[in-house]
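Structural description and commentary
Take a look at the letters that make up each chain.
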Protein chains: 2
Amino acid sequence: MKNKFAKRLSTGGSSEADEIIALIMKLTEMPEVISFAGGLPDGELFPVEEMKSITHKILSEDGNNALQYSGTQGLKELRQSIAEQIMKDAGVEATADNIMITCGSQQGLEFSGRIFLDEGDVVICESPSYVGAITAFQPYGPKFVEVKMDQDGMIMEELEEALKNNPNTKFIYTVPDFQNPTGITMTVERRKRLVELARKYDVLILEDNPYGNLIFEGERLPAIKSFDTDDRVIYHGTFSKIFCPGLRIGWLCTTKEFLDQYLVVKQSVDLQTNTMAQKETALYMKMFDLKANVNKIIDVYRRRKDLMLKTMKEEFPENCSFTHPKGGLFLWVTLPEDKDSSEVLKKAMEMRVGFVPGIAFYPNGNHRNNFRLNFSSMKDEQIVEGIKRLGKVLKSL
Amino acid sequence: MKNKFAKRLSTGGSSEADEIIALIMKLTEMPEVISFAGGLPDGELFPVEEMKSITHKILSEDGNNALQYSGTQGLKELRQSIAEQIMKDAGVEATADNIMITCGSQQGLEFSGRIFLDEGDVVICESPSYVGAITAFQPYGPKFVEVKMDQDGMIMEELEEALKNNPNTKFIYTVPDFQNPTGITMTVERRKRLVELARKYDVLILEDNPYGNLIFEGERLPAIKSFDTDDRVIYHGTFSKIFCPGLRIGWLCTTKEFLDQYLVVKQSVDLQTNTMAQKETALYMKMFDLKANVNKIIDVYRRRKDLMLKTMKEEFPENCSFTHPKGGLFLWVTLPEDKDSSEVLKKAMEMRVGFVPGIAFYPNGNHRNNFRLNFSSMKDEQIVEGIKRLGKVLKSL
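Since this is a predicted model, take the numbers as computed values, not measurements. (Residues numbered from 1 in each chain as written. Chains lettered and ligands numbered in written order. Predicted model: local features only at pLDDT ≥ 70, side-chain atom pairs only at ≥ 80, totals over all residues. Heavy atoms only, no water.)

Comments concerning the overall build of chain A
The number of helices and strands found in chain A is 12 helices and 14 strands. Taken against the 2.2 N^0.38 rule, which gives 21 Å for 397 residues, the C-alpha radius of gyration of chain A at 21 Å falls within 12% of a compact globule. Seen through its C-alpha atoms, chain A measures out along the principal axes to roughly 60 × 60 × 50 Å. Looking at chain A residue by residue over its 397 residues, the buried ones come to 63%. Across chain A, every contact between residues at least 6 apart in sequence was considered, and the portion connecting residues at least 24 apart equals 76%. Counting every atom, chain A has about 14,900 Å² of accessible surface; 48% of that belongs to carbon and sulfur. Side chains of chain A carry 50 positive and 57 negative charges; the gap between the two charge centres is 2 Å. (Helix = DSSP H or I, 4+ residues; strand = E, 2+ residues; numbered from the N terminus. Rg over C-alpha atoms; globule rule 2.2 N^0.38 Å. Buried < 20%, exposed > 50% of the residue type's maximum accessible area, 1.4 Å probe, protein only. Contact = heavy atoms within 4.5 Å. Areas by Shrake-Rupley, 256 points an atom, 1.4 Å probe, with all protein chains shown as cover. Lys, Arg positive; Asp, Glu negative; His and termini not counted. Charge placed at Lys NZ, Arg CZ, Asp CG, Glu CD.)

Notes on the domain arrangement of chain A
A common measure of how large an interface is: the accessible area buried when the components associate. Residue and element names in this part refer to chain A. With domains assigned, chain A is organised as domain 1 (7-46 + 292-395) and domain 2 (49-287). Facing 32 residues of domain 1, the contacting portion of domain 2 comprises 29 residues. Here domain 1 meets domain 2 over a buried area of about 2,700 Å², counting both sides, of which 64% is carbon and sulfur. Contact with domain 2 buries area across many residues of domain 1, yet Lys326, Phe361 and Pro363 alone supply 23% of it, more than any other trio. Our enumeration of links across domain 1 and domain 2 arrives at 10 residue pairs in polar contact (both at pLDDT 80 or more). Mapped by element, the contributors of at least two residues to the side of domain 1 that touches domain 2 are helix 10 (290-315) and strand 11 (330-334). It is helix 10 that contributes the most residues to the side of domain 1 that touches domain 2, 7 residues altogether. Along the lines of polarity and charge, the residues of the side of domain 1 that touches domain 2 split into 16 nonpolar, 11 polar and 5 charged. (Domains from an automatic or database assignment. Buried area = accessible area lost by both parts, 1.4 Å probe. Polar contact = N/O pair within 3.5 Å; in protein donor to acceptor, adjacent residues only side chain to side chain. Nonpolar A, V, L, I, M, F, W, Y, C, P; charged D, E, K, R; others polar.)

Thoughts on helix 2 (residues 48-66) of chain A
Because each turn of an α-helix spans 3.6 residues, side chains separated by three or four positions end up pointing in the same direction. Between its first and last C-alpha atoms helix 2 of chain A spans 19 Å; for 19 residues at 1.5 Å apiece the expected length is 27 Å, and the helix comes up short by more than 12%. If you look at helix 2 of chain A, its biggest bend is around 70°, right at Ser60(A). When helix 2 of chain A is considered as a whole, its buried residues turn out to be Val48(A), Met51(A), Lys52(A), Ile54(A), Thr55(A), Ile58(A), Leu59(A), Gly63(A) and Ala66(A). On its buried side, helix 2 of chain A packs onto helix 9 (275-287) of chain A together with helix 2 (48-66) of chain B. (Expected span 1.5 Å × (residues − 1). Bend = angle between axes of the 7 residues up to and from the residue.)

Points about the sheet that holds strand 2 (residues 99-102) of chain A
Residue and element names in this part refer to chain A. The mixed open sheet is built from 8 strands, whose spatial order is 2-9-8-7-6-3-4-5. Unpaired on one side and paired on the other, strand 2 and strand 5 (153-154) mark the two borders of the sheet. Relative to strand 8 (residues 233-238), strand 7 (residues 204-208) is paired through 4 bridges, and the arrangement is parallel. Bridging across to strand 8, Ile205 finds its partner in Val233. (Pairing = 2+ DSSP bridges.)

Things to note about unusual backbone geometry
Of note, the amide linkage connecting Ser127(A) to Pro128(A) takes the cis form, showing an omega dihedral of 5°. Considering the arrangement of structural elements, one finds Pro128(A) in the loop between strand 3 (122-127) and helix 5 (131-137). For Asp202(A), which is not glycine, the phi torsion reads 50° and is therefore positive. In this structure Asp202(A) comes out as buried when scored by relative accessible area, which is 18%. Although it is not a glycine, Arg352(B) adopts a positive phi angle of roughly 60°.

With respect to the relation of the copies chain A and chain B
The operation relating chain A to chain B is a screw motion whose rotation component is 180°, with 0.0 Å of axial translation and a residual RMSD of 0.0 Å. Read as a symmetry element, the transformation amounts to a two-fold axis. Same-surface contact between copies: 100% of interface residues of chain A are shared with the interface of chain B. (Least-squares fit on C-alpha atoms with pLDDT ≥ 70 in both.)

Regarding the interface of chain A and chain B
Facing the 69 residues of chain A at the interface are 69 residues of chain B. Between chain A and chain B lies a buried interface of about 5,900 Å² when both sides are counted; carbon and sulfur atoms form 57% of it. Across the chain A-chain B interface, the total number found is 4 salt bridges. For Arg114(A), the salt bridge identified is with Glu110(B), shortest N-O distance 3.0 Å. Within the residue set of the side of chain A that touches chain B, elements represented by two or more residues are helix 2, helix 4 (104-116), helix 5, helix 8 (256-270) and helix 9 of chain A. Top contributing element to the side of chain A that touches chain B by residue count: helix 2 of chain A, with 9 residues. In terms of residue class, the side of chain A that touches chain B is built from 29 nonpolar, 21 polar and 19 charged. (Salt bridge = Lys/Arg side-chain N within 4 Å of Asp/Glu carboxyl O.)

Describing the packing of helix 4 of chain A against helix 8 (residues 256-270) of chain B
Close contact between helix 4 of chain A and helix 8 of chain B brings their axes to 6 Å; oriented N to C, the two are set at 100°. With respect to their mutual orientation, helix 4 of chain A and helix 8 of chain B come out roughly perpendicular. The segment helix 4 of chain A lies against helix 8 of chain B, with Gln106(A), Gln107(A) and Glu110(A) engaging Gln267(B), Ser268(B), Val269(B) and Asp270(B). Here the residues of the contact of helix 4 of chain A with helix 8 of chain B are counted per class, giving 1 nonpolar, 4 polar and 2 charged. (Axes fitted to C-alpha atoms, helices over the stretch in contact; angles between N-to-C directions. Parallel < 35°, antiparallel > 145°, perpendicular 65-115°, else oblique.)

A closer look at the sheet that holds strand 10 (residues 321-322) of chain A
Spatially, 4 strands are ordered 10-11-14-13 (chain A) in an open sheet, and the strand pairing comes out antiparallel. Each edge of the sheet is formed by a strand with only one pairing partner; in this case those strands are strand 10 and strand 13 (356-357) of chain A.

Regarding the UniProt feature "domain: Aminotransferase class I/classII large" (unreviewed entry) in chain A
Mapped onto the present numbering, the UniProt feature "domain: Aminotransferase class I/classII large" (unreviewed entry) falls on residues 34-390 of chain A. Summarising residues 34-390 of chain A: 42% helix, 17% strand, and an end-to-end C-alpha distance of 10 Å. (UniProt positions renumbered as here; feature names shortened; annotations may be inferred.)

Focus on the pairing of strand 14 (residues 370-374) of chain B
On any regular strand, side chains alternate: one points to one face of the sheet, the next to the other face. Residue and element names in this part refer to chain B. Across the 5 residues that make up strand 14, a large majority, 5, are buried. Alternating positions in strand 14 separate into two faces, Asn370, Arg372 and Asn374 on one and Phe371 and Leu373 on the other, with burial throughout. Pairing of strand 11 (residues 330-334) with strand 14, which is carried by 5 bridges, proceeds in the antiparallel orientation. Considered in strand 14, the bridge of Phe330 is made with Asn374.

Concerning the pattern of salt bridges
Residue and element names in this part refer to chain A. Throughout the structure, instances matching the rule amount to 68 salt bridges over all chains. A salt bridge links Lys57 to Glu61, with the shortest nitrogen-to-oxygen separation between them at 3.2 Å. Here Lys57 pairs with Glu61, and both are found in helix 2, just 4 residues apart, close to one helical turn. According to the relative accessible area criterion, Lys57 is partly exposed, its value standing at 30%. With relative accessibility at 59%, the residue Glu61 sits in the exposed group. Arg303 is the salt-bridge partner of Asp380, the closest N and O atoms lying 3.1 Å from each other. Note that Asp380 is positioned in helix 12 (residues 380-395) and Arg303 in helix 10, a separation of 77 residues in sequence. A relative accessible area of 24% places Asp380 in the partly exposed class. Taking relative accessible area as the criterion, Arg303 reaches 42% and is therefore assigned partly exposed. Linked by salt bridges that have partners in common, Asp42, Glu44, Arg303, Arg304, Lys379 and Asp380 make up one network.

See below:
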């Protein structure tokens, strides 16, 4: 049979990124490996007992509806709780009409690519940026322009330069809170400036905020969307890091004009998100205290992050630097410029320890001396042992 | 703000189809309406009690995993049960490796469009055809070529003509069993001939089979895929009509070469399908008798179909003809050529009864004198009353 595949399939990611992903997949199949590669929450923190009573209650009181088809936008009770609890906490005034439920925030990102990107359009993003967003946008053929960060997030002068040089920009993609992969948080001043610049150059902002509630130090910062006065910020949220990722419940928060387009896409793509999972999430927010659950998660992740950093200071060679995240799931290691973290990974895997090489997070490649460490999914003793092993590998270079 | 949307958004469906969909949406919000418009299973037939014990068991024994991220292809235990129970019943030899779990079969159809269709490629389909498949393929810009059906399904001479005239054909899309919207079933002889023709003209076949198990008369016919000797049939299945649609569990069955492409798409689009819902479906198939559940559904739908046809014979004018489906959820009414079913719908809605005008199911339009009736979701007395009202409208024309 001749090649049947659509041309768009050949415009995927680099073969190197594919190789890394293959390597990491191999990693996950080796249970004895200490892996700092994934972005998995700790399953032991899931509210299993509460879920038991919730599912029982839903099936007892409303089973026929819970297992039936439901509307494309998502259940109103869930959209309302998201607007009134989560979006409000982030400083965003929204109602249920501004929210659409998606299968995780990943689906929202993919929809955003589909709705806004023509081939050759420019996406401006942090350098490095979330690999899942890159792969979601890539099939639509954009050019990625990366903007450097410092410890306060995207550097605004560099962003303005990028906007000036790329009149074809459709949107700026950013993870402002405890960014994946670096753990860096954008300051409030820069959030305001970002919205000003988006207005000045008439582009949209895709705010991707999966980690904003996982705060180790200080208060929740106002979302970029809270500074949005002319509907140019599209907020992407998810319950995956604050509740249960397996339920695949995410959301979009935006204006009705945009939501209408998202709804057409959602309808044609998968009709709707799982009804039962939506009811479970809504009832959890009603019957239990989501914030208390988040605080429980925070206590564990903060301790693990501290332990990881402490062990890194003891075990890593002095020529390695790393971020000190104030929340989230990840931190970011920088090696001397002549080192290649993909090579480090190969050696680390021989010692049964894994991470994600930084190259995966740069849409245009060209950065070899970084890697990402996840601190949410391994136990304390695994963190200490894994970091010791990694230290040995790094010292041997 | 200038128009930010991607060009592909403007290549959507006709405004008439949009109007019809808007009308039908309005219908669903009017609870006092007797609606034969949707394709909803009867929620009272869902195995709610069984789901209670299943969810309790899963959360008690494996809660942390059930609520956690899981693999992109889907849970192996579920894929295995699909291969060994459902695909085997349809005459298809397959293993878990040939199956990928999707969010309903709608997602599988959308993925197929994405993976195979370039702009201007030809999709050959039945005339009329499933509207959800048309809207899933449409964004990829294909040309639809419709092939006439008789009571034995797609007419093979017309299909060969279409294949001859359209060397640019990528795939033939078909719903062989109790087709949506007509209720027509393709004979075994034609299934074999379809595969021969696909081979001769080197095109793929997308077999969409949501209703194949809902059999009122006779045996389950072998799937088209059961005659596939060189991996050109991609089978799209779903639990929505035989278990619980709200769980959004569908699947694809195809060769590894193709599945690899579907996996890349699934990964970038939404990572994976809901873990809990997959476990629930797998455990249901293990602990309970899916066939017994299907038989319970069949008994109710068969009775409703019989009642609807009996009432139609009594109440509809003689110039209306209609199909006599041997399974599924739908039947198809043909009015005299000069009648317009969209006009009929407007009058019917004044009498608080609804259906879907046939025009929605013709990708190239041009057919105004048909409509689809659903017989699965309304109770007996609603069926009788609704058909009586419709009869009055039709007689008044």
